[in-house]
Amino acid sequence: MEKRVLGRTGREASVVGLGTWQIGADWGDVAEADAFAVLDAALESGVTFFDTADVYGDGRSEQLIGRFLKSRPDADVFVATKMGRRAEQRPENYSLDNFRTWNDRSRANLGVDTLDLVQLHCPPTAVYSTDAVFDALDTLVAEKRTAAYAVSVETCAEALAAIARPGVASVQIILNPFRLKPLEEVLPAAREAGVGIIARVPLASGLLSGKYTKDTVFAADDHRSFNRHGEAFDQGETFSGIEYATGLAAAAEFSSLAPEGATPAQTALRWIIQQPGVSSVIPGARSVEQTRSNAAAASLAPLSEATLDAVRDLYDRRIRAEIHHRW
Ligand SMILES: NC(=O)c1ccc[n+]([C@@H]2O[C@H](COP(=O)([O-])OP(=O)(O)OC[C@H]3O[C@@H](n4cnc5c(N)ncnc54)[C@H](OP(=O)(O)O)[C@@H]3O)[C@@H](O)[C@H]2O)c1
C-alpha cells in the first residue's frame, strides 16, 4: 500500500485509511466481533491509518481500536482522534482545561501515553480566529499529551483558516466526486503550506457505491435515516449534503464511469487519492469485504483524463447547484 507523509506530522499514513465512526455508533448496530474483523482486515490489507473520535459511541470506537492495537503490538498504525463534541458547541468550551480532560480520556481509551494526532471536531467558526485555542493546542504538544494537532472542518473557508495556523498538521474535509469545491483553493493552499489533507465521507455515505435505490431502508439509528436534512448534525455529513433522489441519479451515472475491473466505490476512492494534495482517504467500511475492496483501490491505475473530465461534467450538471455554495 502506498504511504504518504501526513502533512506537518512528518509521519507516514497509508493512502487508504479506515474511518471508524461506524464501529462506534450512528450507523446501526455493529457487534464487537465485526468491528475487530474490520480492523484486522484493514491491517492485513496494508491500512496503517485509522480515524476515530472521542464521541464515536461515546468512546467505544477509541476503546475498540485501543484493545485491537494492544493485541497487535507490532502493528505500526497511526491513529487520529478528535475532540470538542463532548461539550456544548460554544467557543469558550474550547479551553486548555477541557482539552486536557478530553485528551486524557482519549489516551486512556486508546491505551497510549501520547496521542498520534488530535483533531478539533468541526468546531464553531469563531474558534478558528481565536489565538488562545491554538496556544492551548501547542501546550498539549509541549506536555506530550499529543504528538500533533489538526482540525476537521465543514467548509472550505474554515479549512483555509486552519491551514493558515502554523501548528496545524492536517485538515480533514469532505472530498469526493460529489464534493469538488476543496479542489479550488483548499488543496492548493494545503500543498503550499505542507499541511496534510484527510478526505472524509469519500463515498458520500455509500451513495457512490451505486448500490442504493429509492426503496433502500436504513436502520432507524443510522444517520442516513435521521440526519438527511441536518436534524442532528451538519447536513453535509449525510450523503455529502445532497438530496437522496439527486444522489441516486448521480450515482447511477457515476457507476457507468467505473473502469473495467473496478467497482464504483473503488473508482471514487481512486479519484480522491489522485487529487494533488490528498494525504489519505478514510472510507468507513462496515464489513471485511468492504474493507478489503477499499484498500485495493490504492493499487488501481490512475483514472484517465477523460474519466476525470466526465466526473467534473457530472458534478456540474447534477450536483453543483445544490451544494457548491454551502460547503
Ligand atoms: N466531522 C467529522 O470529522 C467526520 C464526519 C463524518 C465522518 N468522519 C470520518 O470519516 C469516515 C468516513 O466517512 P463516512 O463513514 O461518514 O462515509 P463514507 O466512507 O462515505 O461511507 C461509508 C459507507 O459506505 C458504504 N461502503 C463502504 N465501503 C464500501 C464498499 N467497498 N462497497 C460498497 N459500499 C461501501 C457503507 O455503507 P453500508 O452501510 O450501506 O454498507 C459505509 O457505511 C468516518 O468513519 C469518520 O472516521 C468524520
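Right above here is the structure, for reference.
To keep things clear, this report deals only with the structure shown in the data block. As the structure is a prediction and not an experimental result, all values here were calculated from the model.

### So, unusual backbone geometry
Consideration 1: Non-glycine residue Asp58 carries a positive phi angle of around 50°.
Consideration 2: For Asp58, the position within the fold is in the loop between β4 (49-51) and α2 (60-70).
Consideration 3: Despite not being glycine, Val201 has its phi angle at roughly 50°, a positive value.
Consideration 4: Topologically, Val201 is positioned in the loop between β9 (196-200) and α7 (223-226).
Consideration 5: With a relative accessible area of 14%, Val201 lands in the buried category.

### Quick word on the pairing of strand β7 (residues 149-152)
Consideration 1: Side-chain alternation along β7 places Tyr149 and Val151 on one buried face and Ala150 and Ser152 on a second face that is also buried.
Consideration 2: By the bridge criterion, four bridges tie strand β6 (residues 117-121) to β7 in an arrangement that is parallel. Paired with Gln119 across the two strands is Ala150, which belongs to β7.
Consideration 3: Sheet topology places β7 next to strand β8 (residues 168-174); three bridges connect them, and they run parallel. Each residue of the ladder has a partner; that of Tyr149, found in β8, is Val168.
Consideration 4: With helix α5 (residues 156-163) bridging β7 and the parallel β8, this β-α-β connection has right-handed handedness.

### Some points on the side chain of His324
Consideration 1: Inspection of the secondary structure assignment puts His324 in the segment after α11 (305-323).
Consideration 2: At 2.5 Å, the side chain of His324 and the side chain of Tyr315 are in polar contact.
Consideration 3: For His324, the contacting residues outside a window of four places in its chain are Lys181, Glu184 and Tyr315.

Basis of the calculations
- Every chain is numbered on its own, with residues counted from 1 as its sequence reads.
- With pLDDT at 70 or above as the cut-off, local features in this predicted model cover only qualifying residues; side-chain atom pairs require 80 or more to be listed or tallied, and sums for whole chains, interfaces and linings still use all residues.
- To get the side-chain values, take all heavy atoms of the structure and skip hydrogens and water.
- Counting from the N terminus, the helices are the DSSP runs of H or I reaching at least four residues and the strands are the DSSP runs of E reaching at least two.
- Accessible area is worked out with a 1.4 Å probe on protein chains only. A residue is then buried under 20% of its type maximum, exposed over 50%, and partly exposed in between.
- When DSSP finds at least two bridges between two strands, those strands are taken to pair.
- Look down the strands so they point away from you; if going from the first strand over the helix to the second traces a clockwise path, that crossover is right-handed.
- Side-chain atoms alone can form a polar contact between residues adjacent in sequence; in general such a contact is a pair of N or O atoms within 3.5 Å, and within protein one must be able to donate a hydrogen while the other accepts it.
- We call two residues in contact when some of their heavy atoms are within 4.5 Å.

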